[in-house]
Amino acid sequence: MRPSTRTHARLRAAATGACALLLATALGGCAAAEEEAAAPSIPAGTHDPAVWGEVYPDQYRTYLATADERPADKSAYKRGFDGGVMYDKLSEYPFMPLLFNGWGFGVEYNEPRGHYYMMIDQAEIDPSRVKAGGACLTCKSPYTQDLYEQDRGALFSASYTEAVEMLPSEHRTLGAACIDCHDSGSMALATRRWTVDAALTEVGLDPEGLSTEQQSLMVCGQCHCTYSVMKEDGASIDVDFPWEGSQWGAITVENIIERLLDDPARAEWTQAVTGQKLGFIRHPDIEFYTAGSPHAATGVVCADCHMLDTKTTGGTFSSHDLKSPLKMDMAPCQRCHPGSASELRAQVIEVQEANLGLLINAGYKTATVAKLIELANESLDPMAADVRPAYEKGARLYRQALYRVIFMGAENSVGFHNPAEGRRILIDAASYADDAEATMRELLASKGISVSAEVPLELRTYLDGRGEHDLGFVREHHIDDPTGQAQKTWPANLAALLQ
Ligand code: HEC
Ligand code: HEC
Ligand code: HEC
Ligand code: HEC
């Protein structure tokens, strides 16, 4: 049941086999023999996956398949590169461009596609998204650790284009490679990123002493995590996970928000609508999944659902074409669950629809507060003695709602990775947004400023004419609230958008 154990049993079996063979000829410690047995295959420090592929052709072949477009109509709500289309997240969730207006994420923000594209997508995206420069390579290129060790100052002060030029010319589009997840000598799962070692230490783990399960989670979590591009006088100086103060298994949204609120070095952008300086939360997959999900609690790891056990003539290997289990017709689930593919898919969709109802409603509530803060900025002096206390109280509540909405909008499973935790976070988000809205409305009313019941969100203003590519709203990408609540609560705004 526990794939990490299973995989490692498999790896161990291979090593023990080699060890037994060697023992027949040499009398040595088994550990030493294992090292000798594994050593000749792949030279340490080999970045080129093709070299690894000569020894492990099945893994390599499937690894290359992350370039393939995904079948359409398998996933309901998490469409990545389905039918060769790249989905515009800002059209899916139109409250996001309003909230993210003021920096790159509000200009172009796409659903993820296969690993093959991670560097390519960075090169192709609107330039406003790579303003942080060399820091952007941190969880994309397998060479970043090398650049960091050579000269971290040079890496972080480089513009994005300069940083890409530091990479070997033949590997400027190479994303996650074998060396990012495996030790070349033993093939054991391993990471080599300074960010990971620092973060693990902060949550009380020894990076060298992880359990098999933790190691398996962290090879994915090294990139599928949230991080801040740390700033000093406006310049990027490091990449750091906001994990300080958390414990492994409980890296909660509350702790992450506290770090963002505490530490001015984590303020990366100014929200245009409200004028607030803020941090950001990116794809918190490892944090969300490990925060008490039923699957994590029983030792299920990411690879169990995203890497299909595949039979060949020589035995079984793990498909390295990492993708959604829905796009594999639920086969990974069926290794542990007896249900039919359609029953299992229905379980996922049910969780996702409940999550979407909460996310979309919390998102529009938060956007409504943003517009009220904008109105207060335009019509009042927020620093005036009779305004400031209420204004700041409203803004504080607003940030609590906003960060939760960003967190749940950025985790990649539409709630499935941890259904109860997702529900909890989004209910809190809505409740903070309600309190913030009441506070701002009261303040505005007390100053004689009238506000309509449904605040106009001007969604098209933020959605259309985005960036150098002049991106606009794509109706077919929009995700209607499956619970119908949003359509009832914001009829005028949604009618104006969807007409
Ligand atoms: C080096 C960083 C890195 C590592 C390590 C990594 N990922 Fe990813 N992953 C990404 C990025 C970046 C994307 C989005 C790529 C894009 O859209 O350009 C992504 C996308 C994905 C997708 C979407 C694929 C699709 O076809 O839509 C899945 C699923 C996924 N990763 C799962 C995993 C799992 C499971 C692991 C661990 C075994 C893992 N990733 C390890 C960075 C990483
Ligand atoms: C119990 C199964 C399960 C486990 C364990 C799991 N996931 Fe997922 N994951 C899913 C499902 C289901 C989806 C939703 C896919 C869909 O709707 O097509 C998903 C979606 C994703 C996506 C987006 C895929 C896409 O096509 O864009 C990424 C990325 C991802 N998971 C990464 C991870 C990481 C990283 C871990 C470990 C920290 C993990 N998952 C653990 C089941 C799982
Ligand atoms: C994103 C991380 C990641 C990358 C990149 C990656 N692997 Fe793996 N690999 C894994 C994980 C996780 C497992 C264990 C799968 C499981 O638990 O079933 C694994 C297992 C393996 C195994 C053990 C046998 C098996 O198939 O389960 C081999 C061999 C292997 N990988 C080779 C490679 C090669 C060669 C490359 C590069 C072409 C590569 N891997 C790239 C994460 C990765
Ligand atoms: C490696 C084994 C394994 C895999 C793979 C796996 N599960 Fe599970 N699943 C479990 C275990 C163990 C539990 C916990 C059972 C319990 O606590 O009663 C569980 C619980 C669940 C639950 C109830 C708890 C919750 O999270 O809501 C659902 C629904 C579920 N799994 C669906 C799926 C789906 C869908 C997939 C594939 C995307 C999947 N599982 C993949 C082992 C697995």
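These figures come from a predicted structure and were not determined experimentally.

Broken down by element type, the protein chain carries 23 helices and six strands. In terms of overall dimensions, the protein chain is globule-like: its C-alpha atoms have a radius of gyration of 24 Å, near the 23 Å expected for 499 residues. When its C-alpha atoms are laid out on the principal axes, the protein chain stretches across 90 × 55 × 40 Å. By the burial criterion, 44% of the 499 residues in the protein chain qualify as buried. Put simply, 70% of the contacts in the protein chain that link residues at least 6 apart link residues at least 24 apart.

Direction vectors running N to C along helix H13 (residues 253-262) and helix H19 (residues 388-410) enclose 120°, while the axes themselves pass 10 Å from each other. Accordingly, the angle class assigned to the pair H13 and H19 is oblique. Crossing hand, H13 versus H19: right-handed. Contacts between H13 and H19 involve Val253, Ile257, Leu260 and Leu261 from the former and Arg399, Gln400, Tyr403, Arg404 and Phe407 from the latter. Looking at the contact of H13 with H19 residue by residue, the classes come out as six nonpolar, one polar and two charged.

Further remarks concern the site of ligand 4. For ligand 4, the set of nearby residues contains 19 residues, the closest of which are Pro294, Thr298, Pro325, Cys333 and Cys336. Elements with a contribution of two residues or more to the shell around ligand 4: helix H15 (294-297), helix H16 (302-306), helix H17 (331-334) and helix H18 (341-379). In terms of residues, the shell around ligand 4 owes the most to one element, H18, which gives three residues. Here the residues of the shell around ligand 4 sort into 13 nonpolar, four polar and two charged.

Bringing the nonpolar core into the picture now. In this structure, Leu98, Ala362, Val369, Ala401 and Ala429 are the most contacted members of the largest nonpolar core, which totals 118 residues. Ranked by residue count, the leading element in this core is H18, at 15 residues.

With that out of the way, let us pick up the environment of Arg266. For Arg266, the position within the fold is in the loop between H13 and strand S3 (269-270). Residue Arg266 is classed as partly exposed on the basis of its 19 C-beta neighbours within 10 Å. Setting aside chain neighbours within four positions, we find Arg266 in contact with Ser228, Met230, Pro242, Arg259, Leu260 and Gly279.

Once that is clear, we can look at the site of ligand 2. Surrounding ligand 2, one finds 28 residues, the nearest of these being Ser75, Lys78, Cys302, Cys305 and Ser324. Those elements that place two or more of their residues in the shell around ligand 2 are helix H12 (212-221), helix H14 (285-290) and H16. With four residues, the single largest contributor to the shell around ligand 2 is H16. The residue makeup of the shell around ligand 2, split by class, is 14 nonpolar, 10 polar and four charged.

Remark: H18 packs on helix H20 (residues 419-446), axes separated minimally by 9 Å, with the N-to-C direction vectors making an angle of 25°. Classified by the interaxial angle, the pair formed by H18 and H20 is roughly parallel. Two packed elements cross with a definite hand, and for H18 against H20 that hand is left-handed. The class makeup of the residues in the contact of H18 with H20 is 19 nonpolar, five polar and five charged.

This brings us to H13. Every buried residue of H13 is accounted for by Val253, Ile256, Ile257, Arg259 and Leu260. Across the axial projection of H13, the buried residues extend over an arc of 160°, all falling on one side. Looking at the buried positions of H13, the neighbouring elements they touch are H14, H19 and H20.

Both strand S5 (residues 309-312) and strand S6 (residues 315-318) contribute to a ladder of four bridges, which runs antiparallel. Among the inter-strand pairings, Lys311 is bridged to a residue of S6, identified as Thr316. With antiparallel pairing between neighbouring strands as the criterion, S5 and S6 make up a hairpin whose turn holds two residues.

Let us look at unusual backbone geometry. The backbone of Met330 shows a phi angle near 65°, a positive value even though the residue is not glycine. With respect to the helices and strands, the residue Met330 is situated in the loop between S6 and H17. For Met330, a count of 22 C-beta atoms within 10 Å translates into the label buried. With phi around 50°, Asp470 is a residue other than glycine that occupies positive phi space.

All right, on to the environment of Val107 then. Mapping Val107 onto the fold places it in the loop between helix H6 (95-100) and helix H7 (118-124). It is 9.1 Å that separates the C-alpha atoms of Val107 and Asp470, two residues lying 363 residues apart in sequence. In this structure, Val107 is in contact with Asp126, Ser128, Arg129, Arg466 and Gly467, ignoring residues within four places of it in sequence.

Another aspect to go through is H20. Taking 1.5 Å of rise per residue, 28 residues should cover 40 Å, and H20 covers 41 Å from first to last C-alpha, within 8% of that figure. After H20 finishes, the residue Gly448 shows a positive phi value of roughly 75°.

About the thresholds
Residues numbered from 1 in each chain as written. Chains lettered and ligands numbered in written order. Predicted model: local features only at pLDDT ≥ 70, side-chain atom pairs only at ≥ 80, totals over all residues. Helix = DSSP H or I, 4+ residues; strand = E, 2+ residues; numbered from the N terminus. Rg over C-alpha atoms; globule rule 2.2 N^0.38 Å. Buried ≥ 20, exposed ≤ 12 C-beta atoms within 10 Å, placed from the backbone. Contact = placed C-beta atoms within 7 Å. Axes fitted to C-alpha atoms, helices over the stretch in contact; angles between N-to-C directions. Parallel < 35°, antiparallel > 145°, perpendicular 65-115°, else oblique. Left-handed = near helix turned anticlockwise from the far one by under 90°. Nonpolar A, V, L, I, M, F, W, Y, C, P; charged D, E, K, R; others polar. Near = placed C-beta within 6 Å. Core = buried A, V, L, I, M, F, W, Y, C linked by C-beta atoms within 7 Å. Arc of directions from axis to C-beta. Pairing = 2+ DSSP bridges. Expected span 1.5 Å × (residues − 1).

From the geometry alone we can't say anything about function, so treat these as descriptive.
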